[in-house]
Amino acid sequence: MYIIETHGLGKLYRRTWALRDCSLAIPPGSVVALVGHNGAGKTTLLNLLVGLIQPTEGSVSVLGGERAGSPAALDGVGYVAQEAPLYQNLTVGDTLRVIANLNRRWDQGRAEARLAELGIPLNRRVGRMSGGQQAQLALTLALARRPKLLVLDEPLAMLDPLARFDFMEMVMTAASQEGMSVVLSSHVLAELERVADYLVLLSHGRLQVAGTVRGLIAAHHVLSGPVSAVEKLTGRLPAVHVSQGNEEARILVNADLKAGELPEGWRAEPASLEEMVLGYLREPDVSALPEAEEVAV
(Lines give C-alpha, C1' and ligand atoms only; values in the text may rest on other atoms or scores of the structure.)
Protein backbone atom coordinates (compact mmCIF):
# COMPACT_ATOMS: atom_id res chain seq x y z
CA MET A 1 0.00 0.00 0.00
CA TYR A 2 1.31 3.45 -0.93
CA ILE A 3 0.28 6.85 0.37
CA ILE A 4 0.94 8.23 -3.15
CA GLU A 5 1.09 6.20 -6.35
CA THR A 6 1.32 7.54 -9.90
CA HIS A 7 1.81 5.77 -13.22
CA GLY A 8 2.89 7.66 -16.33
CA LEU A 9 1.28 10.79 -14.92
CA GLY A 10 1.17 13.83 -17.19
CA LYS A 11 -0.59 17.16 -17.51
CA LEU A 12 -0.88 19.10 -20.78
CA TYR A 13 -1.72 22.82 -20.88
CA ARG A 14 -2.65 23.85 -24.40
CA ARG A 15 0.27 22.43 -26.41
CA THR A 16 2.76 22.21 -23.54
CA TRP A 17 3.43 19.41 -21.08
CA ALA A 18 3.88 20.87 -17.59
CA LEU A 19 4.45 17.34 -16.25
CA ARG A 20 5.00 14.09 -18.11
CA ASP A 21 5.78 10.41 -17.50
CA CYS A 22 5.88 10.75 -13.71
CA SER A 23 5.71 7.41 -11.88
CA LEU A 24 5.98 7.30 -8.08
CA ALA A 25 5.30 4.83 -5.28
CA ILE A 26 5.73 6.52 -1.90
CA PRO A 27 5.25 4.51 1.31
CA PRO A 28 2.99 5.75 4.12
CA GLY A 29 4.55 7.70 6.97
CA SER A 30 7.00 9.46 4.65
CA VAL A 31 7.97 13.12 4.89
CA VAL A 32 8.55 13.93 1.23
CA ALA A 33 10.63 16.85 -0.02
CA LEU A 34 9.47 17.93 -3.48
CA VAL A 35 12.15 20.06 -5.12
CA GLY A 36 12.82 21.63 -8.50
CA HIS A 37 13.41 24.98 -10.15
CA ASN A 38 10.55 27.39 -10.89
CA GLY A 39 8.43 25.90 -13.64
CA ALA A 40 9.65 22.35 -13.00
CA GLY A 41 6.11 21.04 -12.51
CA LYS A 42 5.98 20.92 -8.70
CA THR A 43 2.68 22.76 -8.23
CA THR A 44 1.17 20.83 -11.13
CA LEU A 45 2.05 17.57 -9.38
CA LEU A 46 0.66 18.79 -6.05
CA ASN A 47 -2.58 19.94 -7.70
CA LEU A 48 -2.94 16.50 -9.28
CA LEU A 49 -2.37 14.83 -5.90
CA VAL A 50 -5.10 16.82 -4.17
CA GLY A 51 -7.53 16.58 -7.09
CA LEU A 52 -7.63 20.27 -8.05
CA ILE A 53 -6.86 19.33 -11.66
CA GLN A 54 -7.23 16.13 -13.66
CA PRO A 55 -4.38 14.38 -15.50
CA THR A 56 -4.09 14.41 -19.25
CA GLU A 57 -2.49 10.99 -19.19
CA GLY A 58 -1.64 8.34 -16.63
CA SER A 59 -3.15 7.84 -13.20
CA VAL A 60 -2.75 9.12 -9.65
CA SER A 61 -4.03 7.64 -6.40
CA VAL A 62 -3.54 8.48 -2.72
CA LEU A 63 -4.22 6.91 0.67
CA GLY A 64 -3.66 3.36 -0.52
CA GLY A 65 -5.51 3.42 -3.83
CA GLU A 66 -8.15 6.16 -3.60
CA ARG A 67 -8.51 8.16 -6.79
CA ALA A 68 -7.12 11.67 -6.25
CA GLY A 69 -9.99 14.12 -5.89
CA SER A 70 -12.58 11.49 -5.00
CA PRO A 71 -14.72 12.03 -1.86
CA ALA A 72 -12.76 9.38 0.05
CA ALA A 73 -9.46 11.01 -0.93
CA LEU A 74 -10.64 14.53 -0.10
CA ASP A 75 -11.63 13.43 3.40
CA GLY A 76 -8.10 12.24 4.11
CA VAL A 77 -5.95 14.89 2.43
CA GLY A 78 -5.07 18.30 3.90
CA TYR A 79 -3.67 21.05 1.68
CA VAL A 80 -1.90 24.32 2.45
CA ALA A 81 -1.18 26.50 -0.59
CA GLN A 82 1.66 29.02 -0.79
CA GLU A 83 -0.80 31.88 -0.54
CA ALA A 84 -3.43 30.47 1.81
CA PRO A 85 -6.90 31.72 0.77
CA LEU A 86 -7.84 33.13 4.17
CA TYR A 87 -10.69 35.60 4.63
CA GLN A 88 -8.87 38.73 5.75
CA ASN A 89 -11.95 40.46 7.18
CA LEU A 90 -13.08 37.53 9.33
CA THR A 91 -11.93 36.84 12.85
CA VAL A 92 -10.04 33.65 13.59
CA GLY A 93 -13.11 32.20 15.33
CA ASP A 94 -15.37 33.01 12.36
CA THR A 95 -12.80 31.42 10.04
CA LEU A 96 -12.94 28.19 12.04
CA ARG A 97 -16.74 28.13 11.83
CA VAL A 98 -16.75 28.73 8.07
CA ILE A 99 -14.19 26.00 7.39
CA ALA A 100 -15.95 23.59 9.77
CA ASN A 101 -19.15 23.94 7.74
CA LEU A 102 -17.27 23.13 4.53
CA ASN A 103 -15.73 19.86 5.77
CA ARG A 104 -17.18 16.50 6.71
CA ARG A 105 -14.21 15.80 8.99
CA TRP A 106 -13.44 18.52 11.51
CA ASP A 107 -11.96 18.65 15.03
CA GLN A 108 -12.95 22.00 16.54
CA GLY A 109 -11.31 21.22 19.87
CA ARG A 110 -8.00 20.46 18.22
CA ALA A 111 -8.09 23.69 16.22
CA GLU A 112 -8.89 25.86 19.24
CA ALA A 113 -6.30 24.14 21.44
CA ARG A 114 -3.58 24.56 18.83
CA LEU A 115 -4.33 28.24 18.34
CA ALA A 116 -4.30 28.76 22.11
CA GLU A 117 -0.83 27.16 22.26
CA LEU A 118 0.31 29.59 19.58
CA GLY A 119 -1.14 32.58 21.41
CA ILE A 120 -3.55 33.41 18.57
CA PRO A 121 -6.86 34.72 20.00
CA LEU A 122 -10.12 33.73 18.33
CA ASN A 123 -11.35 37.33 18.22
CA ARG A 124 -8.39 38.64 16.18
CA ARG A 125 -9.06 39.59 12.57
CA VAL A 126 -7.04 37.54 10.10
CA GLY A 127 -5.93 40.67 8.24
CA ARG A 128 -4.28 42.02 11.38
CA MET A 129 -2.14 38.91 11.90
CA SER A 130 1.51 38.56 10.89
CA GLY A 131 2.53 36.39 7.96
CA GLY A 132 3.77 33.71 10.35
CA GLN A 133 0.49 33.70 12.27
CA GLN A 134 -1.53 33.43 9.07
CA ALA A 135 0.62 30.50 7.95
CA GLN A 136 0.03 28.83 11.30
CA LEU A 137 -3.72 29.43 10.98
CA ALA A 138 -3.73 27.85 7.51
CA LEU A 139 -1.83 24.86 8.91
CA THR A 140 -4.29 24.61 11.82
CA LEU A 141 -7.22 24.52 9.41
CA ALA A 142 -5.58 21.65 7.51
CA LEU A 143 -4.66 19.69 10.65
CA ALA A 144 -8.14 20.07 12.15
CA ARG A 145 -9.40 17.86 9.32
CA ARG A 146 -7.27 15.01 10.77
CA PRO A 147 -5.67 14.21 7.38
CA LYS A 148 -3.69 11.09 6.61
CA LEU A 149 -1.74 13.04 3.97
CA LEU A 150 -0.74 16.69 4.36
CA VAL A 151 0.32 18.54 1.18
CA LEU A 152 2.24 21.81 1.60
CA ASP A 153 3.03 24.00 -1.41
CA GLU A 154 5.84 26.46 -0.60
CA PRO A 155 4.45 27.27 2.88
CA LEU A 156 7.79 28.73 4.05
CA ALA A 157 8.31 31.20 1.21
CA MET A 158 7.08 34.33 3.00
CA LEU A 159 8.20 33.45 6.54
CA ASP A 160 11.20 34.66 8.51
CA PRO A 161 13.65 32.06 9.88
CA LEU A 162 11.99 31.78 13.31
CA ALA A 163 8.50 31.48 11.82
CA ARG A 164 9.80 28.81 9.40
CA PHE A 165 11.28 26.84 12.27
CA ASP A 166 8.08 27.04 14.34
CA PHE A 167 5.94 26.06 11.36
CA MET A 168 8.04 22.98 10.58
CA GLU A 169 8.16 21.97 14.24
CA MET A 170 4.36 21.90 14.26
CA VAL A 171 4.26 19.85 11.05
CA MET A 172 6.80 17.31 12.30
CA THR A 173 5.11 16.97 15.69
CA ALA A 174 1.79 16.24 14.02
CA ALA A 175 3.39 13.78 11.62
CA SER A 176 5.17 11.95 14.44
CA GLN A 177 2.20 11.76 16.78
CA GLU A 178 -0.38 10.72 14.20
CA GLY A 179 1.61 8.79 11.60
CA MET A 180 0.62 11.38 9.02
CA SER A 181 2.44 11.51 5.69
CA VAL A 182 3.66 14.90 4.45
CA VAL A 183 4.60 16.25 1.02
CA LEU A 184 6.48 19.54 1.26
CA SER A 185 7.44 21.64 -1.74
CA SER A 186 10.10 24.23 -0.91
CA HIS A 187 13.23 25.96 -2.18
CA VAL A 188 14.69 26.08 1.36
CA LEU A 189 16.99 23.07 1.09
CA ALA A 190 18.34 23.45 4.63
CA GLU A 191 14.82 23.02 6.03
CA LEU A 192 14.13 20.03 3.81
CA GLU A 193 17.36 18.28 4.79
CA ARG A 194 16.41 18.66 8.44
CA VAL A 195 12.97 17.07 8.17
CA ALA A 196 12.57 14.99 5.00
CA ASP A 197 13.22 11.27 4.68
CA TYR A 198 12.07 10.95 1.05
CA LEU A 199 13.01 13.05 -2.00
CA VAL A 200 11.19 13.71 -5.27
CA LEU A 201 13.14 15.89 -7.71
CA LEU A 202 11.53 17.37 -10.82
CA SER A 203 13.23 19.24 -13.63
CA HIS A 204 11.68 20.58 -16.83
CA GLY A 205 8.44 18.72 -16.20
CA ARG A 206 10.04 15.32 -15.72
CA LEU A 207 10.93 13.20 -12.72
CA GLN A 208 14.72 13.03 -12.27
CA VAL A 209 15.13 11.04 -9.07
CA ALA A 210 12.88 9.71 -6.31
CA GLY A 211 13.68 7.64 -3.25
CA THR A 212 14.64 7.76 0.40
CA VAL A 213 17.02 10.57 1.25
CA ARG A 214 19.37 8.13 2.96
CA GLY A 215 19.45 5.81 -0.05
CA LEU A 216 19.93 8.58 -2.59
CA ILE A 217 22.74 10.22 -0.62
CA ALA A 218 24.46 6.86 -0.23
CA ALA A 219 24.30 6.35 -4.00
CA HIS A 220 25.72 9.75 -4.96
CA HIS A 221 29.33 10.90 -4.60
CA VAL A 222 31.29 14.03 -5.41
CA LEU A 223 34.60 13.30 -7.14
CA SER A 224 37.39 15.88 -7.12
CA GLY A 225 40.57 15.77 -9.14
CA PRO A 226 42.59 17.07 -12.11
CA VAL A 227 40.71 18.25 -15.18
CA SER A 228 42.80 16.03 -17.44
CA ALA A 229 40.97 12.88 -16.27
CA VAL A 230 37.39 14.16 -16.52
CA GLU A 231 36.65 12.64 -19.90
CA LYS A 232 37.98 9.26 -18.82
CA LEU A 233 35.86 9.24 -15.67
CA THR A 234 32.62 10.45 -17.25
CA GLY A 235 33.00 7.75 -19.87
CA ARG A 236 33.00 5.05 -17.18
CA LEU A 237 30.73 6.46 -14.46
CA PRO A 238 27.17 7.84 -14.67
CA ALA A 239 27.89 11.53 -14.20
CA VAL A 240 25.04 13.81 -13.14
CA HIS A 241 26.92 17.12 -13.33
CA VAL A 242 30.48 18.24 -14.08
CA SER A 243 32.01 21.54 -12.99
CA GLN A 244 35.53 22.43 -14.10
CA GLY A 245 38.02 25.05 -13.02
CA ASN A 246 41.41 25.71 -14.57
CA GLU A 247 43.04 22.73 -12.90
CA GLU A 248 40.50 20.90 -10.72
CA ALA A 249 37.12 19.41 -11.60
CA ARG A 250 34.21 18.21 -9.49
CA ILE A 251 31.87 15.51 -10.72
CA LEU A 252 28.60 14.43 -9.13
CA VAL A 253 28.05 10.74 -9.92
CA ASN A 254 25.27 8.29 -9.20
CA ALA A 255 27.30 5.13 -8.75
CA ASP A 256 28.66 2.64 -6.25
CA LEU A 257 32.40 3.25 -6.19
CA LYS A 258 34.80 0.35 -5.82
CA ALA A 259 38.23 0.48 -4.24
CA GLY A 260 40.89 1.54 -6.74
CA GLU A 261 38.34 2.65 -9.30
CA LEU A 262 39.42 6.29 -9.29
CA PRO A 263 42.56 7.50 -11.12
CA GLU A 264 45.51 8.76 -9.11
CA GLY A 265 44.94 12.23 -7.70
CA TRP A 266 41.18 11.83 -7.43
CA ARG A 267 39.16 11.59 -4.22
CA ALA A 268 35.53 10.78 -3.49
CA GLU A 269 33.27 12.24 -0.82
CA PRO A 270 29.63 11.51 0.02
CA ALA A 271 27.29 14.05 -1.59
CA SER A 272 25.12 16.18 0.66
CA LEU A 273 21.43 16.57 -0.13
CA GLU A 274 22.12 20.11 -1.35
CA GLU A 275 24.98 19.03 -3.63
CA MET A 276 22.87 16.25 -5.11
CA VAL A 277 19.82 18.46 -5.73
CA LEU A 278 21.84 21.32 -7.22
CA GLY A 279 23.75 18.91 -9.45
CA TYR A 280 20.55 17.70 -11.08
CA LEU A 281 19.04 21.16 -11.31
CA ARG A 282 22.15 22.61 -12.99
CA GLU A 283 21.87 20.23 -15.91
CA PRO A 284 20.24 21.63 -19.07
CA ASP A 285 16.84 20.44 -20.24
CA VAL A 286 17.28 17.17 -22.13
CA SER A 287 13.64 16.14 -22.04
CA ALA A 288 12.74 17.78 -25.38
CA LEU A 289 9.30 18.78 -24.15
CA PRO A 290 7.66 21.47 -26.32
CA GLU A 291 8.29 25.05 -25.33
CA ALA A 292 5.52 26.73 -23.39
CA GLU A 293 2.95 28.76 -25.19
CA GLU A 294 1.19 28.96 -21.85
CA VAL A 295 2.33 26.87 -18.90
CA ALA A 296 0.66 26.67 -15.50
CA VAL A 297 2.88 25.28 -12.77
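Residues numbered from 1 in each chain as written. Predicted model: local features only at pLDDT ≥ 70, side-chain atom pairs only at ≥ 80, totals over all residues. Heavy atoms only, no water.

A. Molecular detail of the layout of surface pockets. Of the pockets and cavities examined, the largest pocket occupies roughly 650 Å³. Per-element tally for the lining of the largest pocket: the top contributor is strand S6 (residues 77–80), with 4 residues. Classifying every residue of the lining of the largest pocket gives 17 nonpolar, 3 polar and 3 charged. Of the volumes computed, that of the second largest pocket is approximately 230 Å³. Lining the second largest pocket are 13 residues, and of these Gln 82, Glu 83, Ala 84, Gly 131 and Ala 135 lie nearest its centre. By residue class, the composition of the lining of the second largest pocket is 9 nonpolar, 3 polar and 1 charged. (1 Å grid on protein atoms, 1.4 Å probe; cavity = no way out; pocket = protein on both sides within 12 Å on 5 of 7 lines; lining within 4 Å. Points joined across faces, edges and corners; volume = space filled by probe spheres on them. Helix = DSSP H or I, 4+ residues; strand = E, 2+ residues; numbered from the N terminus. Nonpolar A, V, L, I, M, F, W, Y, C, P; charged D, E, K, R; others polar.)

B. The arrangement of the sheet that holds strand S4 (residues 57–62) in detail. Spatially, S2-S1-S4-S5 is the arrangement adopted by the 4 strands of the open sheet, whose pairing is antiparallel. This sheet does not close on itself; its edge strands, each paired only once, are strand S2 (16–26) and strand S5 (66–67). Bridge count between S4 and S5: 2 bridges; the pairing is antiparallel. Bridging from a neighbouring strand, Ser 61 pairs with Arg 67 of S5. (Pairing = 2+ DSSP bridges.)

C. Looking closely at unusual backbone geometry. For Arg 14, which is not a glycine, the phi torsion comes out positive at approximately 55°. By the secondary structure assignment, Arg 14 is in the loop between strand S1 (4–13) and S2. Exposure remark for Arg 14: the relative accessible area of 57% places this residue in the exposed category. (Buried < 20%, exposed > 50% of the residue type's maximum accessible area, 1.4 Å probe, protein only.)

D. Structural detail: the sheet that holds strand S12 (residues 239–244). Strand order in the open sheet formed by 4 strands is S12-S13-S11-S14, with antiparallel pairing between adjacent strands. Looking at strand neighbours, the two that pair on one side only are S12 and strand S14 (267–270), the edges of this open sheet. Along the sheet, successive strands turn relative to each other by an average axial angle of 20°, direction set aside. On top of the sheet, helix H10 (residues 273–281) reaches strand S11 (220–226), S12, strand S13 (248–254) and S14; it is set at about 95° to S13, its chief contact. (Axes fitted to C-alpha atoms, helices over the stretch in contact; angles between N-to-C directions. Contact = heavy atoms within 4.5 Å.)

E. Region of the structure containing the pairing of strand S8 (residues 181–185). The buried fraction of S8 is high, at 5 of 5 residues. The sheet contact formed by strand S3 (residues 31–35) and S8 spans 4 bridges and is parallel. Opposite Val 31, over in S8, you have Val 182 as the bridge partner. Judged from the 5 bridges that link them, strand S7 (residues 149–153) and S8 form a sheet pairing that is parallel. When the sheet's bridge partners are listed, Leu 152 is paired in S8 with Leu 184. Handedness of the β-α-β unit built from S7, helix H6 (residues 161–178) and S8 comes out right-handed. (Right-handed = clockwise from strand over helix to strand, strands pointing away.)

F. Molecular detail of the pattern of salt bridges. Applying the stated criterion across every chain, the model contains 9 salt bridges. For the salt bridge of Arg 104 with Asp 75, the shortest nitrogen-to-oxygen distance reads 2.4 Å. In this pair, Arg 104 sits in the loop between helix H3 (92–101) and helix H4 (108–118) while Asp 75 sits in helix H2 (residues 71–76), placing the two residues 29 residues apart along the sequence. With relative accessibility at 65%, the residue Arg 104 sits in the exposed group. Overlapping salt bridges bring together Asp 107, Arg 110, Arg 146 and Glu 178 as one network. (Salt bridge = Lys/Arg side-chain N within 4 Å of Asp/Glu carboxyl O.)

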